[in-house]
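Summary of structural features
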Amino acid sequence: MMDDSDDEVRAESEAERIAEALVFASAQPVSESFIAERLPRAFNVRAIMLRLKEQYAHRGVNLVQVDDAWAFRTAADLSFVIRRDENEAKKLSRAALEVLAIIAYHQPVTRAEIEDIRGVQTSRGTLDVLMEAGWVRFRGRRRTPGRPVTLGTTRDFLDHFGLEELRDLPGLEELKGAGLLSGRIPANFNIPSPMMNDELTEDEDPIPQLDLEELGLLAPGGGSED
């Protein structure tokens, strides 16, 4: 005769199967809250997902965490055997990479602040490319004259670059080791620590729904970029 502990083990096993199926069936990372809503009763979803992550750690596909969500992805050491989609997005330009990096490390950041950091104008096309890729989003409006819109990265950005959260962005020494920074950078050069959540800051206000159309006109065309 089965006791209560056996029932609990069976219930947790079934919860794992449900969570596994939900993530497997989704092309996008699945949030822990979405999984919790579909379990038969209250479970520690984070504990369930960590157990599944361990089970898949040495398989051809891994269960990876993306912010507060989970997704199955090809094991990093096997990515070379996966045929690339013929419609794969073309590589980003140097300008787009610079803008993306500034947004990732400095968010929330306005277009004017991006231009101040880069020292050149940022064309509308550059921001359009990053938004069409789903890596950059409008966050809010800065409480300063002109009410400029602030920009930040998305969950898709984390997913695409294999990051669990923004704190996993490479630091100064990692960037140097990868050859992405010159060996003659200024002595006082530093990389800011990106914010760790999507909450609006004290100097940001939510973007009203009626502003959505205006946002398409936010970034007027600028000068040409490399």
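Notes on the structure in this doc start here. The structure presented is a predicted model; accordingly, all values stated were derived computationally and were not measured.

Turning our attention to the overall build of the protein. In terms of helices and strands, the protein carries nine helices and seven strands. Taking all 226 residues of the protein together, 32% fall into the buried category. When contacts within the protein are restricted to residue pairs at least 6 apart in sequence, long-range pairs at least 24 apart make up 59% of them. Here the protein displays about 14600 Å² of accessible surface, and carbon together with sulfur accounts for 52% of that area.

Let us look at the environment of Thr201. Turning to its location among the elements, Thr201 is positioned in the loop between helix H8 (172-177) and strand E7 (204-205). On the accessibility criterion, Thr201 (26% relative accessible area) is partly exposed. A sequence separation of 59 residues divides Thr201 from Arg142, and the C-alpha atoms of the two residues are 9.1 Å apart. A polar contact is formed between the side chain of Thr201 and the side chain of Asp203, at a distance of 2.6 Å.

So, about the pattern of salt bridges. Per the counting criterion, the structure on display carries 19 salt bridges. Residue Arg124 is joined to Asp128 by a salt bridge in which the shortest nitrogen-to-oxygen separation is 3.7 Å. Of this pair, Arg124 and Asp128 both sit in helix H6 (residues 124-132), four residues apart, which is roughly one turn of that helix. Owing to a relative accessible area of 31%, Asp128 belongs among the partly exposed residues under this scheme.

At a minimum axis distance of 10 Å, the contact between helix H4 (residues 94-106) and helix H5 (residues 111-118) shows a crossing angle of 115°. Classified by the angle their axes make, H4 and H5 are roughly perpendicular. In this structure, H4 crosses over H5, and the sense of that crossing is right-handed. From H4, Ala95, Glu98, Val99, Ile102, Ile103 and His106 reach across to H5, where they touch Ile114, Ile117 and Arg118. Its residues placed into classes, the contact of H4 with H5 shows six nonpolar, one polar and two charged.

The strand order across the open sheet built from four strands is E4-E6-E5-E7, with neighbouring strands paired in antiparallel fashion. The open sheet has two free edges, formed respectively by strand E4 (109-110) and E7, since each of these has just one partner strand. With five bridges connecting them, strand E5 (residues 136-142) and strand E6 (residues 149-153) associate as antiparallel partners. Directly across from Phe138, in E6, lies its bridge partner Leu151. Packed onto the sheet, H4 meets E4, E5 and E6 and runs at close to 95° relative to E6. In the packing of H6 onto the sheet, the strands contacted are E5 and E6, and the crossing angle to E5 comes to about 115°.

Moving on: the side chain of Asp159. With respect to the secondary-structure elements, Asp159 resides in helix H7 (residues 155-160). Overall, Asp159 belongs to the buried group, its relative accessible area being 15%. Those residues in contact with Asp159 that lie beyond four places of it in its chain are Pro29, Val66 and Arg73.

This brings us to the sheet that holds strand E1 (residues 30-31). Pairing in this open sheet of three strands is antiparallel, and the strands run E1-E3-E2 from one edge to the other. In this open sheet, the two edge strands, each paired with only one partner strand, are E1 and strand E2 (61-66). Both E1 and strand E3 (residues 69-74) contribute to a ladder of two bridges, which runs antiparallel. Looking across to E3, one finds that Ser31 is bridged to Ala69.

Conventions we followed
- Residues numbered from 1 in each chain as written.
- Predicted model: local features only at pLDDT ≥ 70, side-chain atom pairs only at ≥ 80, totals over all residues.
- Heavy atoms only, no water.
- Helix = DSSP H or I, 4+ residues; strand = E, 2+ residues; numbered from the N terminus.
- Buried < 20%, exposed > 50% of the residue type's maximum accessible area, 1.4 Å probe, protein only.
- Contact = heavy atoms within 4.5 Å.
- Areas by Shrake-Rupley, 256 points an atom, 1.4 Å probe, with all protein chains shown as cover.
- Polar contact = N/O pair within 3.5 Å; in protein donor to acceptor, adjacent residues only side chain to side chain.
- Salt bridge = Lys/Arg side-chain N within 4 Å of Asp/Glu carboxyl O.
- Axes fitted to C-alpha atoms, helices over the stretch in contact; angles between N-to-C directions.
- Parallel < 35°, antiparallel > 145°, perpendicular 65-115°, else oblique.
- Left-handed = near helix turned anticlockwise from the far one by under 90°.
- Nonpolar A, V, L, I, M, F, W, Y, C, P; charged D, E, K, R; others polar.
- Pairing = 2+ DSSP bridges.

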